[in-house]
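# What the coordinates show
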Amino acid sequence: VEITALPEVTSTWGTGYSNVVAELSFDLQVTIDGTTVWTESSVRIMQTQPELPPEVFGVTRNITERKKAEAAIHEREELYKAISENSNNGICIIDRNAKTEWANNKMQEISLYNLSQIENAESFASFLAEESIPFVVSNFHKVISGEAYVHDYQFSIIRSTGEKRLCSKYMT
């Protein structure tokens, strides 16, 4: 048996149950006969009778498929992040409350606001030119409510310098 990844152990001592001395949980990568598997283990040490030694209860299960899925998701996220960060288009993620959750560097270049200002704004609408607000906000509400909406359109923003800038948007 070869252990190739040391566990990050979380433990609780004196958990509030009168007979539980400690609880441990950890993930462990183990190689047995050339096969590497990830396991998730939980151990509970209990003192059920003071005159007897503590009892140890443990559960271990194979979580290799979960770890592979997590690695694949992480790899895909890194790929999308690299693509979006290096895009020549401004890309952002807007939550259901019209707040920007994330924006790429191109959004900063287009608007001349820094990423912190973009992501901390009350609403994406605060960057819109007044004449663009009715249509863009109405279209956004249609997206949120699941109604048919316009995917491709133009609108104006007000840059941090006060300059108006015409933008094209394709929304998915």
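Residues numbered from 1 in each chain as written. Predicted model: local features only at pLDDT ≥ 70, side-chain atom pairs only at ≥ 80, totals over all residues. Heavy atoms only, no water.

Turning our eyes to something else, we now look at the overall build of the protein. In terms of helices and strands, the protein carries four helices and nine strands. The N-to-C order of helical and strand elements in the protein reads β-β-β-β-β-α-β-β-α-α-α-β-β. Going through the 172 residues of the protein one by one, you find that 25% of them count as buried. Considering only contacts within the protein whose residues lie at least 6 apart along the sequence, 30% involve residues at least 24 apart. Counting every atom, the protein has about 11,900 Å² of accessible surface; 53% of that belongs to carbon and sulfur. (Helix = DSSP H or I, 4+ residues; strand = E, 2+ residues; numbered from the N terminus. Buried < 20%, exposed > 50% of the residue type's maximum accessible area, 1.4 Å probe, protein only. Contact = heavy atoms within 4.5 Å. Areas by Shrake-Rupley, 256 points an atom, 1.4 Å probe, with all protein chains shown as cover.)

Applying the stated criterion across every chain, the model contains four aromatic pairs. Ring centres of Phe124 and Phe140 lie 5.1 Å apart, and the angle between their planes is 65 degrees; this geometry places the pair in the edge-to-face category. Of the two residues, Phe124 sits in the loop between α3 (115-120) and α4 (133-145) while Phe140 sits in helix α4, which places them 16 residues apart along the sequence. Across the pair, Phe140 and Phe124 agree in class, each one buried. Both rings, one in Tyr153 and one in Phe155, keep their centres 5.9 Å apart while their planes meet at 55 degrees; by these two values the pair is tilted. For the residue pair Tyr153 and Phe155, the accessibility class agrees, reading buried in each case. In textbook terms, an aromatic cluster arises when at least three aromatic residues are bridged by ring pairs, as seen for Phe135, Tyr153 and Phe155. The ring of Trp38 has Lys67 sitting right over it, with the charged end atom 4.6 Å from the ring centre. Cation over ring: Lys169 sits above Phe124, and NZ or CZ is 5.9 Å from the ring centre. (Phe/Tyr/Trp six-rings, centres within 6.5 Å; stacked < 30°, edge-to-face > 60°. Lys NZ or Arg CZ within 6 Å of the ring centre and 35° of its normal.)

Within the secondary structure, Glu65 sits in helix α1 (residues 64-85). Residues Glu65 and Val37 lie 28 residues apart in sequence; the distance between their C-alpha atoms is 8.9 Å.

What follows deals with the nonpolar core. In this structure, Ala98, Phe124, Ala125, Leu128, Val136, Phe140, Tyr153, Phe155, Ile157, Cys167 and Met171 together form the largest nonpolar core, which totals eleven residues. Those elements that provide at least two residues to this core are α4 and β8 (152-158). At three residues, the largest contribution of residues to this core is made by β8. What Tyr153 contacts, discounting residues up to four positions off in sequence, is Phe135, Val136, Asn139, Cys167, Ser168, Lys169 and Met171. (Core = buried A, V, L, I, M, F, W, Y, C linked by side-chain atoms within 4.5 Å.)

Attention shifts here to the pairing of strand β5 (residues 55-62). The buried fraction of β5 is low, at zero of eight residues. Pairing between strand β4 (residues 35-46) and β5: eight bridges, direction antiparallel. Bridge pairing in β5 links Thr39 to Asn62. (Pairing = 2+ DSSP bridges.)

A word on the side chain of Thr100. With respect to the secondary-structure elements, Thr100 resides in strand β7 (residues 100-103). Residue classification places Thr100 among the buried residues on the basis of a relative accessible area of 6%. Not counting residues within four places of it along the chain, the set of residues in contact with Thr100 comprises Cys92, Ile93, Ile94, Ile118, Glu119 and Phe124.

For the rest of this paragraph, the subject is the pattern of salt bridges. Scanning the entire structure with this criterion turns up ten salt bridges. For the salt bridge of Asp27 with Lys67, the shortest nitrogen-to-oxygen distance reads 3.2 Å. With Asp27 in strand β3 (residues 20-32) and Lys67 in helix α1, this pair connects stretches of sequence that are 40 residues apart. Residue Glu131 is joined to Lys164 by a salt bridge in which the shortest nitrogen-to-oxygen separation is 2.8 Å. Of the two residues, Glu131 is situated in the loop between α3 and α4 and Lys164 in strand β9 (residues 164-170); the sequence distance between them amounts to 33 residues. Each of Asp27, Glu40, Arg61, Arg66, Lys67 and Glu70 takes part in one network of salt bridges that share partners. (Salt bridge = Lys/Arg side-chain N within 4 Å of Asp/Glu carboxyl O.)

Mapped onto the secondary structure, Ser160 falls in the loop between β8 and β9. With 46 residues separating them in the primary sequence, Ser160 and Asn114 have C-alpha atoms 9.2 Å apart. Of the polar contacts made by the side chain of Ser160, one reaches the backbone oxygen of Leu112; its length is 2.8 Å. (Polar contact = N/O pair within 3.5 Å; in protein donor to acceptor, adjacent residues only side chain to side chain.)

Geometric descriptors of this kind do not, in isolation, establish any biological role.
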